[in-house]
Amino acid sequence: MTLDVFLLILRLLGLVLLYLFLMQVVISITRDLRKTATVNQDEQSKLPPVIGHLIVVDSGPSAIPPGTSFSLNPQTTIGRGPTNTIQISESFVSSEHTRMWLRGGVWYVQDAGSKNGTFLNNQPAREALAARVGDIIQVGYLRFKLTQ
Amino acid sequence: MAKQLVAKEIGRRHYRWKELSLLIVPLIILILEMFQLPLANYYRANINGQKIPFSTSILPTVHDLVPILGLVAAVAIVHILLTIFFPKADQMLLPIVALLSGLGVLFAIRNAPSSFDPNMGIKQLVWVLVGLVLFLGVVFGLRNMDWLRRYKYTWAALGLILVGITLVNALHVKNLDSPTHDQLNFGPLSLQPSEFLKIIIVIFFAAYLGENQDVIAEGVRLGPISLPPMRQLGPLLLMLGISLVLFLGVRELGLALLIYGIFLSMLYLGSNKLSYVIGGLAVFLVLGFIGYSLFSYVRARFAAVGLDLVNWPNWTQATLDFERNQGLQIAQGLVALSSGGILGTGFGLGHASALVPVAQSDMIVSVLGEEFGLAGLFALIGFYLVLLYRGFRIAIEAREPFHQLLAAGLTSIFGIQTLIICAGNLKLIPLTGIPLPFLSYGGSSVVANFIIIGILMRISHNTALEKEGLA
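No experiment lies behind these values; they were computed from the predicted model shown.

Peer 1: Any chance you could explain unusual backbone geometry here in plain terms?
Peer 2: Among all residues except glycine, the phi angle is most often negative; among peptide bonds, the trans geometry is most common. In this model, Asn121(A) sits at a positive phi of 50°, which is unusual for a non-glycine residue. Following the sequence through the fold, Asn121(A) ends up in the loop between β7 (118-120) and β8 (123-124). The phi dihedral of Lys427(B) is positive, around 65°, even though this residue is not glycine. Classification of Lys427(B) as buried rests on a relative accessible area of 18%.

Here it is as C-alpha cells:
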C-alpha cells in the first residue's frame, strides 16, 4: 500500500463520517418534529369537546342581541355572579339563577333559587327537568334555545 | 405550585443522551482530520513523481493530536456541565458547533505555514476555548433576560461608541485598504468590536420591536399601500443609519450588508408584513446604485463579479492584468474550488491555502471546497442549515415576544453571514470580508458566535422550564 492510497481511504472515511453525522442530526430533527406533532394532537384532544350551546332567541329587556351563543360545560351555572360558567350581568338575573348538567346524554335544567324563575318550554323548572335539543330555556326574561 | 413542579423537574436528573450520541461522530471526524494532516504534509514534502510507500513509522503520534484532543476534552467538560445544570436546554447546538469550530481550528492549523502567523492554529484553539468559557458564562449568567431588554438604549449607545472610536482611530492611523482596519488593540489582544456590535443591534431591535410590535404591524394606510409608522420606526432607522454610515465610511461593505439584512429580517419577523421587506429591498437597490455610482471601491468590487473565468483563452491583456491584481483572490479561489472536484483533494493536500490571498478567513470556502470537495461543502452547508433550523425552532417555542425575536434575529446573523460569504466566494456577489461563522480564522468572530449560541441555549432552557411550570 502506498501513502496516497492510505490518504484516499482517510479522505473517503472523513466524508462518510460527515454525512453520517448529518444523517444523525436530520433523524433526530424528524423525531423531534414527530414528537411535537403528537404533543400538539394530545393538547387538542385534551380540550373538552363542545357538547352544547345556548343561543339567545329573545333578549327581553336585556342588551344581549338575539343569536348570541354560549357554550355549555357538563356542569353549567348561569347567573349574575362572577363564579358562574355563563355570567349574565342583567338586573333581572339573580346572582345564582340556573343550573344545567348533562347526565347519560340528557340535559337537566333546574332553577337555583332565583327571584324571577327558570322555565323550560314555559314550565317552571323548580325541580330538575330533562331538556332536549331545540327546547326553549327561559332565564328570567331571557329566552334561549338549546342546541348541539 | 408551578415552582414546586419546576423544582421537581430539576431534581429528576435528565441525562442529555441525544447530545452525547450526537457528539461522538463530530469528535471522531475532528481526530481523523487531525490525524490526516501530518501525513498530508509528509506526502507534500516528499512528492517527486514516484509513489511513496506506506509505513507505520510515518504515522502521527499522540503528541501531534494534542490540540484537537484538548478541544475534545473541553467540549466533553461543557457537555457534563450542561447535563448537570441545564438538562432541558437544546441538545443539538453543541454537537454542530463543536464540529464547525473544531474544523475552524483544523483549518487554522493547516493554513498557518502559508500565512502571516505560524501560531495561527494554536491561537484559534485558544479563542475557541475562550469562546466555550464565555458560552458557559452567558448560559449561567443570563438568568433573567429582562435587563437585556430594559437597558436597550444603553447597549445601543455603548456599542456604537465603541465601534465609532475604533473606526475613527483606524481612519487616522491606517490606510483604508488594509484588511483589518476595524480592530481595537488592547496590548497583545486585538478585538473587532463590530463582531459584538451585531449582537447588540439584534438585542436592540428585538427589544424595540417586541414593545412596539402592534403599532408597527398596524401601519399607516396611504391609499393602496400601507407604510410603516415612521414615529415608531424612528429609533430603529436611526440605529440602522448610524451603523450603515459607520461601516460604509470605512469600506466595510459586508458588515453594512449584514446589518441591513438583520434589520429587514427582524422587521419582517416583528410585523409579519412582506410589503415592508419588499420596500426595504427596493430602498436597498436604490442605495446600492447610488453607492455604485459614487464610490470607486464599490465599482472595483463589482468588477470582480464580471470576471469571465471559463472564457480565459480569449482574455485581453487588460483582463489578465485585472486577474493578477484586484481579481486575484476571487479568480484563484474559483480555480481552487474547481480543482477540488466532487470528492476533494483531501485535507491538507489542496493548493488554495498557499495560492489564494487571505485564505484563512475571507476565502475559507474555497479552501474547504478544494480539500473536502463539493460533497464536503454540501455537508457543511447542511450543518449551517440545521443550525438555522434549531435557532428558529427555539424562537418558535419561546413564549415572550422579546425572546422569540432575539432568538430569531441571532439565528439570522448566522444565516446572512454564511450566505454573504459563500456567495462572495462563488463570485455571485461582490466578495466582502465577512467571516464564515465558526470556520473562519478570527478570535472576535468565534467568541461572538459562541456568545450567540449561549443566548440561544439559555432561551431554550428558559422556555423548557416555563413549559414544565405550566404543565
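Peer 1: What is the right way to look at the nonpolar core in this model?
Peer 2: Side chains that are nonpolar tend, in soluble globular proteins, to be buried together. Formed by 150 residues in total, the largest nonpolar core has its most connected members in Phe383(B), Leu387(B), Leu406(B) and Ile455(B). Counting residues per element, this core draws most heavily on helix α16 (residues 364-397) of chain B, at 15 residues. Once residues lying within four places of it in the same chain are set aside, the contact partners of Leu406(B) are Met145(B), Leu148(B), Val202(B), Ile203(B), Ala206(B), Ile455(B) and Ile459(B). Membership of the second largest hydrophobic core comes to 20 residues, among which are Leu54(A), Ile64(A), Ala131(A) and Val139(A).

Peer 1: Help me out: how do you make sense of the side chain of Asp32(A) in this one?
Peer 2: Mapping Asp32(A) onto the fold places it in helix α1 (residues 3-46). Setting aside its immediate chain neighbours within four residues, Asp32(A) contacts Lys18(B), Tyr389(B), Arg390(B) and Arg393(B).

Peer 1: So what exactly am I meant to see when it comes to the pairing of strand β11 (residues 142-147) of chain A here?
Peer 2: Working note: regular strand, side chains alternate between the two faces of the sheet. All names here are of chain A. By the bridge criterion, five bridges tie strand β1 (residues 53-58) to β11 in an arrangement that is antiparallel. Considered in β11, the bridge of valine 56 is made with phenylalanine 144. For strand β10 (residues 136-139) and β11, the ladder comprises four bridges, and the chain directions are antiparallel. Of the residues in β11, the one forming a bridge with isoleucine 136 is lysine 145. The antiparallel hairpin formed by β10 and β11 contains two residues in its connecting segment, where glycine 140 sits at a positive phi of about 65°.

Criteria and thresholds
Residues numbered from 1 in each chain as written. Chains lettered and ligands numbered in written order. Predicted model: local features only at pLDDT ≥ 70, side-chain atom pairs only at ≥ 80, totals over all residues. Heavy atoms only, no water. Helix = DSSP H or I, 4+ residues; strand = E, 2+ residues; numbered from the N terminus. Buried < 20%, exposed > 50% of the residue type's maximum accessible area, 1.4 Å probe, protein only. Core = buried A, V, L, I, M, F, W, Y, C linked by side-chain atoms within 4.5 Å. Contact = heavy atoms within 4.5 Å. Pairing = 2+ DSSP bridges.

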